[in-house]
Each structure stands twice: as structure tokens, then as C-alpha cells.
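Remarks on the overall topology
Okay, here's what each chain looks like letter by letter:
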Amino acid sequence: MRRLDQLLANLGYCTRREARDWIDDGRVTVQGQPATGVAQKAAPADVRIDGEPPDHPDGLLLLLHKPLGLVCSHDEREGPNIYSLLPERWRRRNPVVTSIGRLDKDTSGLLLLTDQSLLVHRLTSPKHKVPKVYRATVDRDLTPELGPLFAAGTLLLEGEKDPCAPAILNIVAPREAELTLTEGRYHQVRRMFSAGGRTVLTLHRTRFGALELGALAPGQWRELPLDAFDRDGGPTAGSADVVVRPA
Ligand code: URA
């Protein structure tokens, strides 16, 4: 059971102060009857707002194809951000919708967004080693010694104390490769290639755990069930429709 003003405000419909007007105007019903006041408590399933069930009352989990040129920060001073792609109401939710890890402004591809902090923690924790696959093009031909360099678990990035966890490099063209990481350090792919003497020219994430972008166009998203991941970040039966390959 949730207070109606809290429900409306947390789901981004209006502020708690405005909720009073929404209720006075008869826009909110509980079990078919006009809501009696902001302090009335109700189960979201019993509530209708302008005749519609509440918008994702249990939380949101989205798989976004992040386009180039947008940052993952909420801070407007850092430039146009991915949240501008979402409906206004979702941008006003509390807890806020946030990305699970980040992609750079100049990186495109698969990005998960959620308002579930537990999920953010679970999927970004290095403990769970959720594999993320990146496709990179570089400025010079790739050579076979890069595979063992990235796989060794000894590669030390500039300014860091701990070496990178072993990563798998799959060279697919002279200047193009897929790199699978199980951690997510700042600019990690670019810095790893830089340590290997290459500059990354383009970077795109194709997979996150068992999830793939599929035919999703840049800027588009699809919703995932909130139980798409198990406690270790692996896929669940509930995610069967969105999982393309096992992790
Ligand atoms: N590594 C990078 O360098 N950039 C990203 O956006 C993600 C991983």
C-alpha cells in the first residue's frame, strides 16, 4: 500500500503538492471510486490515473541502443544526455532512472537503464563478472600478441594499481576486434588498446551478459522484465524472450 501523493510523485506524474489537485479534479480512482485524499493508501494495482493503471509501479528496466554524442551523466553541464531520449514522466521518477555502468559520449551500443539500485549494484559489481562485449576499430593493424597481452590478467593501465582482469580479444579484421571484459573501468577499452599501441577510432557495445542489441536502432529502447537477471547477473527464465545467447 502506498500513499497516493507519494505514488503519483514517485512515478513522475506530478509533484506531491500537485497530487492534491489531481485528486481534487477526480483524475485518480481507487477500486473504481474517486480517491478521497493525498494520504489515502492504496495498492498500485487498484489505482487508475486518468483511467489508466499506474506507469510501471514496480520499477523500470530498459535496454537502450545508446547513440553516439550523448553522455550518461545526469548533469546537464556535461552536455546532451541519454535521459533526454526517455519520456518526460520517466525522467521525473524517484528513485531516478540511471544507467547500469556508463558508455562514453563517443561510444554507442547496448546500455541498460533502471530505477532499481540493487540491479545496478548486482550488474556492475566486479564480483559477478558479467561479460560485456565491445567492437572496436583501431588506427593500426592488430597483431596476434595483443590477445595474450589482454588475456594475461597482468595488464596495468596508466595510473592504476591493480591489473585488468583477463579479457578476451577476437580479431575480426585487420583493424577491427571484439573485446570481452568482465569489469568496467573508466575508458577501459580505449585505455587497454592504448596500452597495446593502438588508438580506438570507433567503439560499440554489442552485448551485456546474455543480452544483445538485436535490431534496435540507435536511440530506441525495449523494456525488460525486472527479473531478467538472477542474483549473480546471469539470465533468468523470465528473460527468455530477450536473451539471445547464453552468457
Ligand atoms: N570502454 C571505453 O573506453 N569506453 C566505453 O564507453 C566503455 C568501455
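Preceding block: the structure.
Description of the structure in this document. Per chain, residue numbering runs from 1 following the sequence as it is written. Only residues with pLDDT of 70 or above have their local features reported here, since the model is predicted, and side-chain atom pairs are shown and tallied only from 80 upward, although totals for entire chains, interfaces and linings are computed over all residues. The basis for every side-chain value is the complete set of non-hydrogen atoms in the structure, without hydrogens or water.

Quick word on the overall build of the protein
A count of helices and strands for the protein gives six helices and 14 strands. A principal-axis box enclosing the C-alpha atoms of the protein has dimensions of 70 × 40 × 35 Å. Burial status follows relative accessibility: with a 1.4 Å probe on protein chains alone, a residue under 20% of its type maximum counts as buried, one over 50% as exposed, and anything between as partly exposed. Counting over 247 residues, the protein shows a buried share of 45%. Accessible area for the protein stands at about 12700 Å²; split by element, carbon and sulfur atoms hold 51% of it. Charge centroids of the protein, computed over 33 positive and 32 negative side chains, lie 3 Å from each other. The secondary structure listing takes helices from DSSP runs of H or I that are at least 4 residues long and strands from runs of E that are at least 2 residues long, numbered from the N terminus. Computed by Shrake-Rupley with a 1.4 Å probe, the accessible areas treat only the displayed protein chains as cover when residues are assessed. In this count, Lys and Arg are taken as positive residues and Asp and Glu as negative ones, while His and the chain termini are left out. Charged groups are reduced to one reference atom each: NZ for lysine, CZ for arginine, CG for aspartic acid, CD for glutamic acid.

Things to note about the environment of glycine 153
Mapped onto the secondary structure, glycine 153 falls in the loop between α5 (146-151) and β10 (168-173). The criterion used for residue contact is that any of the two residues' heavy atoms lie within 4.5 Å. Once you skip the residues sitting within four places of it in the chain, glycine 153 turns out to touch Pro163, Cys164, Ala165 and Pro166.

Quick look at the site of the ligand
We define proximity as follows: a residue is near a molecule or strand when any one of its heavy atoms falls within 4 Å of that partner. In the vicinity of the ligand, the contacting residues are Leu103, Asp104, Thr107, Tyr134, His187, Gln188, Val189, Arg190 and Leu203. Polar contact criterion, stated in full: a pair of N or O atoms within 3.5 Å, where within protein one must be able to donate a hydrogen and the other to accept it, and residues adjacent in sequence count only if both atoms are side-chain atoms. Within the backbone of histidine 187, an N or O atom sits 3.2 Å from an oxygen atom of the ligand. A distance of 3.0 Å is found between a nitrogen atom of the ligand and a backbone nitrogen or oxygen belonging to valine 189. Coverage of the ligand by the protein chains reaches 96% of its 240 Å² of free accessible surface. Looking at the shell around the ligand element by element, the count peaks at three residues for helix α6 (residues 188-195).

Things to note about the sheet that holds strand β2 (residues 28-30)
For two strands to be treated as a pair, DSSP must find no fewer than two bridges joining them. Pairing is antiparallel across the open sheet formed by three strands, whose spatial order is β3-β2-β5. Pairing within the sheet leaves two strands with one partner each, and these edge strands are β3 (33-34) and β5 (47-49). Relative to β5, β2 runs antiparallel, the two being bridged by three bridges. Across the sheet, threonine 29 pairs through a bridge with arginine 48, a residue of β5.

Brief notes about the packing of aromatic side chains
When two rings of Phe, Tyr or Trp (its six-membered ring) have centres within 6.5 Å they constitute a pair, described as stacked for plane angles under 30 degrees, edge-to-face for angles over 60, and tilted for the intermediate range. On inspection of all chains with the given rule, the structure shows three aromatic pairs. A ring pair is formed by tryptophan 90 and tryptophan 221, whose centres lie 5.8 Å apart and whose planes are at 55°; its orientation type is tilted. Here tryptophan 90 is found in helix α3 (residues 88-91), whereas its partner tryptophan 221 is found in strand β14 (residues 221-223), with 131 residues between them in sequence. You can call tryptophan 221 partly exposed: its relative accessible area is 27%. Note on phenylalanine 150 and phenylalanine 193: the rings are 5.4 Å apart at their centroids and 90° apart in plane angle, and the pair reads as edge-to-face. Taken together, the positions of phenylalanine 150 in helix α5 and phenylalanine 193 in helix α6 put the pair 43 residues apart, joining distant regions of the chain. The pair formed by phenylalanine 150 and phenylalanine 193 is uniform in burial state, with each residue classed as buried. Any Lys NZ or Arg CZ found within 6 Å of a ring centre and within 35 degrees of that ring's normal is scored as a charge over the ring. It is arginine 27 that lies over the ring of tryptophan 22; its NZ or CZ is 3.7 Å from the centre. Its end group placed over the ring of phenylalanine 208, lysine 132 keeps NZ or CZ at 5.7 Å from the ring centre.

Some details on unusual backbone geometry
Cis rather than trans, the peptide bond between asparagine 94 and proline 95 has omega equal to 0°. With respect to the helices, strands and loops of the structure, proline 95 is situated in the loop between α3 and β7 (98-99). Positive phi outside glycine occurs at glutamine 31, with the angle close to 45°. Along the chain, the position of glutamine 31 falls in the loop between β2 and β3. The phi angle at histidine 187 is positive, at roughly 50°, despite the residue not being glycine. Within the secondary structure layout, histidine 187 lies in the loop between β11 (176-181) and α6.

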